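Topology and contacts: notes
Residues per chain, in single letters:
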Amino acid sequence: MKEIVEEVIKLKNNEQAQALSGRGDENLKLIEEELDVQIIPRGLELVIIGEPEAVKRASDALKNLVDLDHDITSQEAYYATQLVRNTDQLTTMREIGSEVIVTTARGKQIRPKTAGQKQYYQLVQRSEIVFAIGPAGTGKTYLAMAMAIAALKRKEVQRIILTRPAVEAGEHLGFLPGDLQSKVDPYLRPLYDALYEILGQEVYQKYRERGVVEIAPLAYMRGRTLDDSFIILDEAQNTTPEQMKMFLTRLGYGSKAIVTGDITQIDLPRGKNSGLIKIQRILKDIPGIGFSYLTGSDVVRHPLVQRIIEAYERYAEKEDQ
């Protein structure tokens, strides 16, 4: 017969109870499902019922979330369950989000949300070039944008340059309707969106007009030397080895670069090798260059996205075997 135990978590006030529980107790339900316990709200107490190890994990997860002292999202609740499952991960969610990268125009503070994101952020602080490799939703590009804008505000660089390979258009941009800008805009739209959110409309427009922020297809980087710049190459899995070499050799004095990509989603034509895969072997031991590997546990979208990525990873492992 299984041993069943109870543990009680005491909360400060109704506001804290609501912030922790989420809408319709969605956070508590998620923790119940993930850690195989029952959580019963009783006023300013949460009663956890289940097997001893499961109750211990649920208690640790809830205490970790209470320590955040703000409205808890379902993503944060899910990540708290992943932290307590990983016995090698000793950090807390408060420690992970202890540093503010930048504050948006609306006053939102952008911080690392996972241990992987924290390591990514710290690696960028001490490296000239960082490769951020991981699945969709891990915040690779958004955090790179935040770090670039923070560096600009601190006057460590004079401009931000954002680039992406327009893979789907290939060499056939001329067949698309409209002028050149309208032809490449669909490939650069995620970069526009992130900039707009962080900077706000007025500052965003001013920076674009003054050339402080430049967004261009990767092909436009050829032949340039980029000094005093924070350069971001997004969707780098869709560069060829030749394009990757071309981009990296653009780096000038006083510049920093972040290269982001997901090597599980390569859209290059059949027979073309990814520059992002090859570069890991070429530059792995070069001082000043760092590689940050984010995983499904670093996804900061809906918890279901994390489960989807984990399912794909399990499927890929079985195929490899």
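Please refer to the structure placed before this passage.
Throughout what follows, the structure given in this document is the object of discussion. Keep in mind that what you see is a predicted model, and the values were worked out from it rather than measured.

Look at helix α4 (residues 74–85) against helix α12 (residues 303–320): their axes get within 8 Å of each other, and the N-to-C directions meet at 45°. In terms of their interaxial angle, α4 and α12 are classed as oblique. When α4 is examined against α12, the residues Ser74, Gln75, Tyr78 and Gln82 are found in contact with a partner set consisting of Pro303, Gln306, Arg307 and Glu310. Class assignment of the residues belonging to the contact of α4 with α12 gives a composition of two nonpolar, four polar and two charged.

This paragraph deals with the side chain of Arg164. Assignment of secondary structure puts Arg164 in strand β7 (residues 159–164). Using a relative accessible area of 12% as the deciding quantity, one classes Arg164 as buried. Within the local environment of Arg164, its side chain forms a polar contact with the side chain of Glu235, the two groups lying 3.2 Å apart.

Considering the arrangement of structural elements, one finds Gly50 in strand β3 (residues 45–50). Residues Gly50 and Asp67 lie 17 residues apart in sequence; the distance between their C-alpha atoms is 23 Å. Beyond its immediate stretch of four places on either side in the chain, Gly50 contacts Glu3, Ile4, Val5 and Val55.

Procedures and definitions
- Residues numbered from 1 in each chain as written.
- Predicted model: local features only at pLDDT ≥ 70, side-chain atom pairs only at ≥ 80, totals over all residues.
- Heavy atoms only, no water.
- Axes fitted to C-alpha atoms, helices over the stretch in contact; angles between N-to-C directions.
- Helix = DSSP H or I, 4+ residues; strand = E, 2+ residues; numbered from the N terminus.
- Parallel < 35°, antiparallel > 145°, perpendicular 65-115°, else oblique.
- Contact = heavy atoms within 4.5 Å.
- Nonpolar A, V, L, I, M, F, W, Y, C, P; charged D, E, K, R; others polar.
- Buried < 20%, exposed > 50% of the residue type's maximum accessible area, 1.4 Å probe, protein only.
- Polar contact = N/O pair within 3.5 Å; in protein donor to acceptor, adjacent residues only side chain to side chain.

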